[in-house]
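Commentary on secondary and tertiary structure
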Amino acid sequence: MTIEAHTEPAASDGTGPRARTVLVLLALFIVINAADKAVLGLTAGPIKDDLGLTATEFGTIASSFYLLFSLSAVSVGFLGDRIHPRPLLAVLALVWAAAQLPILLPAAGFGALVATRVVLGAGEGPGYPLANYTAFTWFPEKRRALPSAVVVAGGAGGTVLAAPLVILVSDTLGWRAVFGLLGAVGVVWTAAWLRLGGGGPYTARLGPAATDDDPPAVGRGCAPAEGDPPAVAGGCASADADPRTVARGSAPSTVPARRAADLRPAPLADAPSTAPTPPPDAPHPPPPRPVDASSESPRVPFWRIITTGTWLGATLSTFAVMWTLALGFAWLPLYLEEQAGFSDAEVGAIVGLPALSMAVLVLTAGAVAHRLLRRGVTARVAQGLLGALLPLLAGLCLLLATRAGPAALLLPLLVLAFSAGNGQTPLTNAAIADICPPARRSAALGLSYALAALSSLLAPYVTGRIIDAAPNETVGYGRAFDLAACLLIGGALLAALLIRPDRDARTLHPALTRTSPEE
């Protein structure tokens, strides 16, 4: 099976208006995704009072969101390599909208909340990795850190926008109306996506292996998927493709003719030539066909990708980061209200602070990594070591948060504790994408996200049990926060030790041996 990719000359670097429009829509997609997660925590007080829930029962509702989250993430992640992003993301957004509407019914209680959160989680599980994958189809390899950061920042924007709006609607119309509002917003986004969205020029296309009777790929061109920009009229080859890009699985998937010789053994210097000499008036032969690295070497088995240090380090570190995010979504508003003594309005403003900090850190980390890579710094430093510093900072702040006295010290610690770790996410996503061939990229991202998301299933419920089992809520929150801090610090250390994209890319794609910088 061959892997082909079509390119677009004007906007192949992600700077065209269509690429920017799609990136904005994907960021809004993640805004809705984050708002759906945050709404339960933001309405936790009214829900607990109205339904008479214990901490464990509320934690069960919060955890139910992630029950099918991982399974759907990995299942739909594999479909992402075969189905065009436009219909796939539209279906996911409609599932989100449909899952919110039953909560409008007055009879909807504990069971209905659990059931609808399970459905909502099943729809949202693949959302983030597919949004990242779709964003990657509009940008070449060395430009992916920043668009990935923009998508991640959409999660922060969801919380910033949701917090005051949810509290306003909840106070005015009741907590049930908030769920209906989010369902309506999902329908509006779906209509906009179907009109303006789609996959980009770096979308990989799978097809049967070429035979001797097939015309060269460069001669026949590549047909774009429905809704995609037209391919280059002359064919699939990019005039300035990078051999590293090819071997590491990024489109364009052809190596230019001028570099094709780098991937082939050179002839012996003393060997006599046996080729006939063409007559002087003979026409010049056509240029050599560009080499497709994916067809020059055996297909990379999926198990080899998911056993690399880069994939394992990124997944384990993200597990700790997502534990903390789920803890914050479900329990931070209640902690601020019940333990720190803030009012509802103050909680609405404070909850947005970690989201704002997250957006700044995510964009800054992505931009710094992008600049380092352009300057020739190894991916281990730009993506592994730089990324590991952020969850390490978050873990240390969370350890100190429950031991801080005045609010002036508590708030900065909480803001960094629940925001800094996620700054690593675009770097680990880019690291995984860089070591994967196009046909494996969506599945590798989806499986990593799915396994990491298991922590989100555990964190709210475990926290509820810890709070109910503690002598009082203050001690319970302290123990739960300490557990999350230890996970963050451990994940940061593993990321620093294991994430080495350059080394793993050379291992998976031997053609990189001559062209990839040493770590």
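Residues numbered from 1 in each chain as written. Predicted model: local features only at pLDDT ≥ 70, side-chain atom pairs only at ≥ 80, totals over all residues. Heavy atoms only, no water.

**Section: the side chain of Thr43**
Selection criterion: Secondary structure elements are defined from DSSP: runs of H or I of at least 4 residues count as helices, runs of E of at least 2 residues count as strands, and each element is numbered from the N terminus. Only protein chains enter the accessibility calculation, which uses a 1.4 Å probe. A residue is then buried if its area is under 20% of the maximum for its type, exposed if over 50%, and partly exposed in between. A 3.5 Å cut-off defines polar contacts: any pair of N or O atoms within that distance qualifies, except that in protein one atom must be a possible hydrogen donor and the other a possible acceptor, and neighbouring residues in sequence count only when both atoms are side-chain atoms. A contact between two residues is defined here by any heavy atoms of the two lying within 4.5 Å.
By the secondary structure assignment, Thr43 is in the loop between α1 (17-42) and α2 (44-51). Since its relative accessible area comes to 0%, Thr43 is described here as buried. There is a polar contact of 2.7 Å between the side chain of Thr43 and the backbone oxygen of Val39. The residues contacting Thr43, other than those within four sequence positions of it, are Val166, Ser170, Trp175 and Phe179.

**Description of the packing of helix α15 (residues 309-338) against helix α22 (residues 473-498)**
To keep it simple, the criterion reads: Axes, fitted as lines to C-alpha atoms, cover a helix only where it is in contact. Angles between the N-to-C directions of the axes lie from 0 to 180 degrees. These descriptions rest on fixed angle ranges, namely under 35 degrees for roughly parallel, over 145 for roughly antiparallel, 65 to 115 for roughly perpendicular, and the rest for oblique. It is the rotation of the near helix from the far one that decides the hand of a crossing: anticlockwise by less than a right angle makes it left-handed, clockwise makes it right-handed. Polar here means any residue other than Ala, Val, Leu, Ile, Met, Phe, Trp, Tyr, Cys and Pro, which are nonpolar, and Asp, Glu, Lys and Arg, which are charged; Gly is therefore polar.
Relative to each other, α15 and α22 sit at 160°, their axes nearing to 8 Å. Classed by the angle they form, the pair α15 and α22 counts as roughly antiparallel. Seen from above, α15 lies across α22 with left-handed handedness. Grouping the amino acids of the contact of α15 with α22 by side-chain chemistry returns 19 nonpolar, six polar and two charged.

**What to know about the environment of Arg176**
As for its placement among the helices and strands, Arg176 is situated in helix α9 (residues 175-196). On a C-alpha basis, the gap between Arg176 and Ala108 in space is 9.3 Å, while along the polypeptide they are 68 residues apart. When residues no more than four places from it in sequence are discounted, the contact partners of Arg176 are Asp50, Leu51, Ile103, Leu104, Leu105, Pro106 and Ala108. Of the polar contacts made by the side chain of Arg176, one reaches the backbone oxygen of Leu105; its length is 3.0 Å.

**Concerning the packing of aromatic side chains**
Put simply, the test is: Only Phe, Tyr and Trp rings are paired, with Trp represented by its six-membered ring, and only when their centres lie within 6.5 Å; those with planes under 30 degrees apart are stacked, over 60 edge-to-face, the remainder tilted.
Tallied over the entire structure, the rule returns 14 aromatic pairs. When the ring of Phe65 is compared with that of Phe69, the centres are 5.7 Å apart and the planes differ by 40°; the resulting orientation is tilted. Judged by its relative accessible area of 0%, Phe69 falls in the buried class. Here Phe418 and Phe481 contribute two aromatic rings whose centre-to-centre distance is 5.8 Å and whose plane-to-plane angle is 75°, an arrangement assigned as edge-to-face. Residue Phe418 is found in the loop between α18 (407-417) and α19 (425-435), and its partner Phe481 is found in helix α22; the two are separated by 63 residues along the sequence. Like Phe481, Phe418 is buried.

**Describing empty space enclosed by the protein**
The condition that has to hold: Cavity: a set of points on a 1 Å grid over the protein atoms alone where a 1.4 Å probe fits but cannot get out. Pocket: an open set with protein on both sides within 12 Å along at least five of seven lines, its lining residues, like those of a cavity, having an atom within 4 Å of a point. Grid points are joined across faces, edges and corners, and a volume is the space filled by probe spheres set on the points.
Taken as a whole and assessed by the stated rule, the structure comprises six cavities of 30 Å³ or more. The calculated volume of the largest cavity comes to roughly 510 Å³. Looking at the largest cavity, it is lined by 32 residues, and the ones nearest its centre are Lys37, Leu325, Phe329, Met358 and Asn422. Elements represented by at least two residues in the lining of the largest cavity include exactly α1, α8 (145-173), α15 and α16 (344-374). The element contributing the most residues to the lining of the largest cavity is α15, with 10 residues. Split by residue class, the lining of the largest cavity holds 21 nonpolar, 10 polar and one charged. Estimated volume of the second largest cavity: approximately 80 Å³. Every residue lining the second largest cavity is listed: Lys37, Leu40, Gly41, Ala62, Phe65, Tyr66, Arg117, Ala326, Phe329, Ala330 and Pro460. When residues of the lining of the second largest cavity are traced back to their parent elements, those giving at least two are α1 and α15. Among the residues making up the lining of the second largest cavity, the classes are represented as eight nonpolar, one polar and two charged.

**Some words on a positive patch on the surface**
Defined as follows: Nonpolar side chains (Val, Leu, Ile, Met, Phe, Trp, Tyr) are joined into patches within 5 Å and like charges within 9 Å, using only residues with over 30% relative accessible area and no salt bridge. Here the open area of atoms and residues is found with the Shrake-Rupley method and a 1.4 Å probe, where only the protein chains shown may cover a residue. Within this document, salt bridges are pairs made up of a side-chain nitrogen of Lys or Arg and a carboxyl oxygen of Asp or Glu, the two lying within 4 Å of each other. Residues scored as positive are Lys and Arg, those scored as negative are Asp and Glu, and His as well as the terminal groups of each chain are ignored. Working definition for charges: the position is that of NZ of Lys, CZ of Arg, CG of Asp or CD of Glu.
Together, Arg143, Arg371, Arg374 and Arg375 make up a positively charged patch on the protein surface. Along the polypeptide, Arg374 turns up in helix α16. Taking the relative accessible area as the measure of exposure, Arg374 reaches 57% and is therefore exposed.

**Some words on helix α21 (residues 454-469)**
How we decide: Residue count minus one, scaled by 1.5 Å, sets the expected span of a helix.
Taking 1.5 Å as the rise per residue, α21 with 16 residues should run 22 Å; its terminal C-alpha atoms sit 23 Å apart, in good agreement. All of the buried residues in α21 are Ser455, Ser456, Ala459, Pro460, Thr463, Gly464 and Ile467.

**Let's talk about α22**
In this model, α22 (26 residues) spans 38 Å end to end at C-alpha, consistent with the 38 Å of a helix rising 1.5 Å per residue. The opening residue of α22, the one whose side-chain oxygen lies 3.1 Å from the backbone nitrogen of Thr474, is Asn472.

**Remarks on the environment of Ala131**
Looking at where Ala131 falls in the secondary structure, it is placed in helix α7 (residues 127-136). Sequence spacing of Ala131 and Pro85 is 46 residues, and the spatial spacing of their C-alpha atoms is 8.6 Å. For Ala131, the contacting residues outside a window of four places in its chain are Leu26, Phe29, Ile30 and Val151.

**Thoughts on the pattern of salt bridges**
Taken as a whole and judged by the stated rule, the model has three salt bridges. Residue Asp482 pairs with Arg403 through a salt bridge whose shortest N-O separation is 3.0 Å. Here Asp482 is found in helix α22, whereas its partner Arg403 is found in the loop between α17 (379-401) and α18, with 79 residues between them in sequence. We note a salt bridge from Arg503 to Asp504, for which the minimum N-O separation is 3.4 Å. Arg503 gets classed as partly exposed once you look at its relative accessible area, which sits at 32%.

**A short note on the confidence of the model for the protein**
So the rule is basically this: Per-residue confidence from the predictor is reported as pLDDT, a score between 0 and 100.
For the protein, mean pLDDT is 76; residues scoring 70 or higher make up 74% of the total. α22 holds the highest mean pLDDT among the elements of the protein, 95, whereas helix α10 (residues 217-220) holds the lowest, 33. Here residues 1-12 is a poorly scored stretch, pLDDT under 50, and it has 61 contacts once near neighbours within four places are set aside; other chains count. When the criterion is pLDDT under 50, residues 204-297 qualifies, and its contacts beyond four places in sequence or with other chains add up to 156 contacts.

**Describing the nonpolar core**
Here is the rule we go by: Put simply, buried Ala, Val, Leu, Ile, Met, Phe, Trp, Tyr and Cys residues joined by side-chain atoms within 4.5 Å make one nonpolar core.
Residues Trp331, Leu336, Leu414 and Phe481 are the most contacted members of the largest nonpolar core, which totals 116 residues. If you tally residues by element for this core, the top one is α15, at 15 residues. Counting five residues, the second-largest nonpolar core is a separate cluster that includes Ala365, Ala369, Leu390 and Leu427.

**Examining the side chain of Gln100**
Along the polypeptide, Gln100 turns up in helix α5 (residues 85-100). Take Gln100: its relative accessible area is 2%, and that puts it in the buried class. Not counting residues within four places of it along the chain, the set of residues in contact with Gln100 comprises Asp36, Leu120, Phe179, Gly180, Leu182 and Gly183.

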